[in-house]
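An overview of the molecular structure
The residues making up each chain are set out below.
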Amino acid sequence: MGDGPTGLTEFFADLGNMAVALPVLAAAVVYTLWRGGRSAVASAAAAVLAMAAVPALVAPLKSWIARPGPLTQESGYYPSGHAATAAVAYCGAALLVSAYVRRHRWWPPLLALVLTLATGAGLILRGYHWPLDVLGSWCLCALLLLLSHRLPARYRRPPRASRAPAAPDR
């Protein structure tokens, strides 16, 4: 714990700060609404709700589990809020943006994965969290992301029927 190049590992750990991760998600939401219009509102809202669920779920779990940190006896380190913030913000942004990328659709999820993994590595190497703290957050966030990505599609309105007259039968 406390290993690695200090500047780099601190930078990686900071990727999980709300001040860094939330603007990325906000930019993806704005882009999605701009590109998708009214049809993208449900997906954008689901991503925002998933992000809002992070502190609502993580804070009570931290209090309930009361796990001490790696370099301190203070409790409240499991699950990692920074790892959860990074996972939901970056992966949620990737899910939103991927719908509008025509070529090379692999890059948004890959970038999100790299940023999320880098955040976890930074948190562990700086000694802010145990590896299980980070892994637990990722598992929780995988469920949140799955729900936020699948639910809007499930409840999307079917396309409206055309008002054009039907072709006569032959």
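For the structure, see preceding data.
Residues numbered from 1 in each chain as written. Predicted model: local features only at pLDDT ≥ 70, side-chain atom pairs only at ≥ 80, totals over all residues. Heavy atoms only, no water.

Next up on the list: the pattern of salt bridges. Evaluated as defined, the whole model comprises two salt bridges. Arg126 is paired through a salt bridge with Glu10; the nearest N and O atoms lie 3.1 Å apart. Here Glu10 lies in helix H1 (residues 6–14) and Arg126 lies in the loop between helix H5 (107–125) and helix H6 (131–154), a separation of 116 residues in the sequence. Accessibility expressed as a relative area gives 16% for Arg126, which makes it buried. (Salt bridge = Lys/Arg side-chain N within 4 Å of Asp/Glu carboxyl O. Helix = DSSP H or I, 4+ residues; strand = E, 2+ residues; numbered from the N terminus. Buried < 20%, exposed > 50% of the residue type's maximum accessible area, 1.4 Å probe, protein only.)

Moving on, we come to the side chain of Ser137. Here Ser137 shows up in helix H6. The exposure class of Ser137 is buried, given its relative accessible area of 0%. Of the polar contacts made by the side chain of Ser137, one reaches the backbone oxygen of Asp133; its length is 3.2 Å. In this structure Ser137 touches Pro79, Ser80, Gly81, Ala83 and Ala84, once residues within four positions along its chain are discounted. (Polar contact = N/O pair within 3.5 Å; in protein donor to acceptor, adjacent residues only side chain to side chain. Contact = heavy atoms within 4.5 Å.)

With that settled, consider the packing of helix H2 (residues 18–36) against helix H4 (residues 81–98). It is the contact of H2 with H4, at a shortest axis distance of 9 Å, that shows an interaxial angle of 15°. When the axis of H2 is compared with that of H4, the two are roughly parallel. The hand of the H2/H4 crossing is left-handed. Taken together, the residues of H4 that come into contact with H2 (itself represented by Met18, Val20, Ala21, Val24, Leu25, Ala28, Val29, Tyr31 and Thr32) are Thr85, Ala89, Tyr90, Gly92, Ala93, Leu96 and Val97. The residue inventory of the contact of H2 with H4, partitioned by class, reads 13 nonpolar, three polar and no charged. (Axes fitted to C-alpha atoms, helices over the stretch in contact; angles between N-to-C directions. Parallel < 35°, antiparallel > 145°, perpendicular 65-115°, else oblique. Left-handed = near helix turned anticlockwise from the far one by under 90°. Nonpolar A, V, L, I, M, F, W, Y, C, P; charged D, E, K, R; others polar.)

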